[in-house]
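# A closer look at the structure
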Amino acid sequence: MKTLLDGLNEAQRTAVMAPLGPVLILAGPGSGKTRVLTTRVAYLMQEMNVDPWHILAVTFTNKAAKEMRHRVESLLGDQPRGLTMGTFHATCVRILRRETDNLQYYDRDFVIFDSSDQLQVVKQALKVLNLDDKKFPPNKMLNGISNAKNELITPAMYAASNYISEITRRVYSEYQLLLQSNNAMDFDDLLMNAVLLFEERPDILGKYQKRYEHILVDEFQDTNTTQYTLIKMLAARHENLFVVGDSDQSIYKWRGADFRNIQRFREQYPEAQLILLEQNYRSTQIILDAAKAVIRPNLNRVHKELFTVRQGGVPIVVREAYNEHEEAETILDSVESLMVEGYSGGDVAIMYRTNAQSRVLEETFLRAGMPYRLVGATAFYRRREVKDIIAYLRLVHNPADAVSFNRILNVPPRGIGAKTRQGLLDWAGNQYWQPAGALIRMATDPEVQHPFSGRALNALSRFGNMLSAWINLRDKVAVSDLLDVILEQTSYRDYLDDGTTEGEDRWENVMEFRGAAGEEADISLSAFLEQVALVSEADNLEETPNATTLLTLHAAKGLEFPIVFLTGLEDGLLPHSRSLDDGEELAEERRLLYVGITRAKDRVYLSHAFRRTFYGDSSVSVPSRFLNDIPQELTEGGSPSIRRRQSKKRISSWPGSSSGRQESSRRSTSANQYSEWSRPSSERSSGKPSAKSRDLDGDTLDETVRRPPGKPQFRSGLQVRHSRFGEGTVIESKLTGNDEEVTVAFPSSGIKRLAASFAGLEIIE
DNA sequence: GGATCTCATGTTTTT
DNA sequence: CATGAGATCC
């Protein structure tokens, strides 16, 4: 008892010990909401003698679920048996799998379709309905479908008010039929079908209501209507509903999340206890004040008076860079200064609104040899080769999965072209067979009548036999063994091996995937596929020591870092251009910035660029309107106009540049003019070896910048030496801006494209 | 049937 | 600019 509540503040204690019934916790950033949630779970068990079997705790991400599990375990000493703790989706899948006998259109082996599978199904639906996918873009349709499902609107309920929504209704309807015939559900279905099942079958609902006496929900502001309804239904019997949220951190409106569910909760449970967690344990007062100033203009907020014991703090640094390259360089310089101060690169996070912005940052860090980790780059499970392999496994598991079937029918190429494919689909359709089933019958049963002959027949039979053999093998061997057989028989490696490093990388990804299958020795194919569908690899993102984290603002939610750089604070980027004409969306952009600022413990750097390149061409940007909301006494870097003037001054000092030859700006600026920005300046001026060594020495630098265009230093065939890659041969060299881009083949590291001014290439005879 | 090219497209993306 | 899907060519 004492240990459970130890170290909790007044409000947190009140929350943990709140009497049964509905409880709403409004938790500011850094106020220890996860702690409250986990302690409450432990409290229920330890102090209220609740059997863990009767507790359901839901989160949005696997990561959050894992964290909670971990913390409950450390509070109690061991893992409570029977406790249900997981994401909304995982919880629903568990229920649906258990109840497959009661599902009308699905059997036990149903699979989960991800967004690319969904897109294929939408395209197929459009085809079936004879609709033009130019006029009705599949992803727009999919969006409409997803929105409907988030709102718990079935095709039958879908009210069409205009032409486009009528089309959406039809596509939605067809789409659902196709999913059912594939024995597949999309992510939204997992939630919606659970609710629909409960609506149709009060007896089944009753079973779960009885079981889940206590329900706890994390990030409640992110629930959509379907999730809200699910929770409400499950809690209807006991009404022990403990929800934690912060509407100021609602940043997933575009995914159907509706923070007004918090308001709805208050209305529907008027007796609910309301507890505010206002003490922030993370940030300095200055950071918190800046965050509050940013969020204040949003309307209809439940006022929270956030405070922290970390009085004072370092002022927020606001600065303007000439362009995105300089922005990145400046950040890099600051990170290096911070390292001199004793911070580690791993204490730093750099956040941005759009993924595209990560590129320049990456390049800059890469060139400097500074370690970084990129959160949420192209998801592993979404890579083509990995998806192929998953499609094989999914098809073996669920031969009704026509999407996977179509994906791999001729991958690797096995001589089944478009004509043969269509023939197969038509023939199978006429027999009311699924394509994979038809193929297997054709290949294994000589009695079956079919329209194929010659080469087509040969190719189809070969594949049909393989598929049939895999299905027979399915329950007899481990997933990894099954995978090996498939890879072997399809010669998948040869298919990927096109002699490029990319091909090798792809094969490595396949092997990594195989490794994941091998790790779980006894996992069934079904469980493995489910895990692959519902668990993103971001959940097991390993901690790279000392690496600076690069991530989107969305990805940053729930994390904290001593140092946070927020980049691209420009109108059109943050707030994003697509949100400028909509008050609600603008408010969400504001919350996004709020989330970003509140991730920081010690220091925040806000930067914007004078020019930024979008889709190839560069244009002048306006500093984010949100910057005006941060009181100047909290910042360092002067008013916007002062920053702009300084920025202009620096630009005019550039050698022969008025229009921003960005390419050359990086080095020429990093070491000198900007030192005033790097904090603290004393340490900056003392110099730092690593910063120096990265730079070329002064002479070379000047030469690079001043060299008139049109005279490359390098030409094809030249032998060069690079400090890291060793000796190599120049393949080509071309001038870009004021720099020279040299493509070099290194026997040891492959082909690299290098900027001459940074690479420090040495010409050897 | 497979490779190559062109053209449209581009916010965020917990599951 | 950079990517990917679809059309077109061989």
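Each value, and the rule that gives it
Residues numbered from 1 in each chain as written. Chains lettered and ligands numbered in written order. Predicted model: local features only at pLDDT ≥ 70, side-chain atom pairs only at ≥ 80, totals over all residues. Heavy atoms only, no water. pLDDT = per-residue confidence, 0-100. Helix = DSSP H or I, 4+ residues; strand = E, 2+ residues; numbered from the N terminus. Contact = heavy atoms within 4.5 Å. Axes fitted to C-alpha atoms, helices over the stretch in contact; angles between N-to-C directions. Parallel < 35°, antiparallel > 145°, perpendicular 65-115°, else oblique. Nonpolar A, V, L, I, M, F, W, Y, C, P; charged D, E, K, R; others polar. Near = heavy atom within 4 Å. Polar contact = N/O pair within 3.5 Å; in protein donor to acceptor, adjacent residues only side chain to side chain. Phe/Tyr/Trp six-rings, centres within 6.5 Å; stacked < 30°, edge-to-face > 60°. Lys NZ or Arg CZ within 6 Å of the ring centre and 35° of its normal. Buried < 20%, exposed > 50% of the residue type's maximum accessible area, 1.4 Å probe, protein only. Pairing = 2+ DSSP bridges. Arc of directions from axis to C-beta.

## A few points about the confidence of the model for chain A
With 85% of its residues at a pLDDT of 70 or more, chain A shows a mean pLDDT of 85. When mean pLDDT is taken per element in chain A, strand β6 (residues 214-217) scores highest with 98 and helix α31 (residues 698-706) scores lowest with 26. A low-confidence stretch, residues 652-710 (pLDDT under 50), is modelled with 99 contacts involving residues beyond four sequence positions or located in other chains.

## Brief notes about the packing of helix α9 (residues 187-200) against helix α10 (residues 202-211)
Taken N-terminus to C-terminus, the directions of α9 and α10 make an angle of 110 degrees; their axes are 5 Å apart at the nearest point. In terms of orientation, α9 and α10 fall into the roughly perpendicular class. Contacts from L197, F198, E199 and E200 in α9 reach P202, I204, L205 and Y208 in α10. Here the residues of the contact of α9 with α10 are counted per class, giving six nonpolar, no polar and two charged.

## As for the protein's contact with DNA strand C
The immediate surroundings of DNA strand C are formed by K123, R359, Y615 and G616. Looking at DNA strand C alone, sugar and phosphate atoms form 75% of those within 4 Å of the protein. Within the side chain of K123, a nitrogen or oxygen atom sits 3.5 Å from a phosphate oxygen of DNA strand C. A distance of 3.3 Å is found between a sugar or linking oxygen of DNA strand C and a side-chain nitrogen or oxygen belonging to R359. Looking at the surface near DNA strand C residue by residue, the class counts come to one nonpolar, one polar and two charged.

## Notes on the packing of aromatic side chains
All chains considered together, the criterion is met by 18 aromatic pairs. Three or more aromatic residues joined by ring pairs form one cluster here, namely F220, Y228, F265 and Y269. Over the face of the ring belonging to Y228 we find R264, whose NZ or CZ atom lies 4.7 Å from the ring centre. Of note, R414 hangs over the ring of F463, and the distance from its end group to the ring centre comes to 3.9 Å.

## Section: the environment of L338
Mapped onto the elements, L338 comes out in helix α14 (residues 324-341). Note on L338: relative accessible area 1%, which makes it buried. For the pair L338 and A400, spaced 62 residues apart in the sequence, the C-alpha separation amounts to 57 Å. Setting aside chain neighbours within four positions, we find L338 in contact with Y343, I563, F565, R603 and Y605.

## Here we look at the protein's contact with DNA strand B
Taken together, 28 residues are adjacent to DNA strand B, and R255, R353, G417, T552 and R578 come closest. Sugar plus phosphate, as a fraction of atoms of DNA strand B within 4 Å of the protein: 52%. N355 has a polar side-chain atom sitting 2.8 Å from a phosphate oxygen of DNA strand B. Between DNA strand B and H554, the relevant distance is 3.4 Å, taken from a base oxygen to a side-chain nitrogen or oxygen of the residue. Partitioning the surface near DNA strand B into residue classes produces eight nonpolar, 14 polar and six charged.

## Regarding the environment of E67
By secondary structure assignment, the location of E67 is in helix α4 (residues 62-76). The exposure class of E67 is partly exposed, given its relative accessible area of 35%.

## A few points about the sheet that holds strand β11 (residues 316-321)
Spatially, seven strands are ordered β13-β14-β12-β15-β16-β11-β19 in an open sheet, and the strand pairing comes out parallel. Two strands in the sheet have a free side with no partner beyond their single neighbour: β13 (372-374) and β19 (635-636). Here β11 runs beside strand β16 (residues 600-609); their pairing, made up of five bridges, is parallel. Within β16, the residue paired with E320 across the bridge is H608. Set on the sheet, helix α13 (residues 285-295) makes contact with β11 and β16; between it and β16 the angle comes to about 50 degrees.

## Some thoughts on helix α15 (residues 358-368)
Residues S358, V360, L361, T364, F365 and A368 constitute the buried set of α15. One face of α15 carries all of its buried residues, which in axial projection span an arc of 170 degrees. Exposed and facing more than 90 degrees away from the buried side of α15 are R359 and L366. Immediately beyond the C-terminal end of α15, within one or two residues, lies G369, with a positive phi of roughly 70 degrees.

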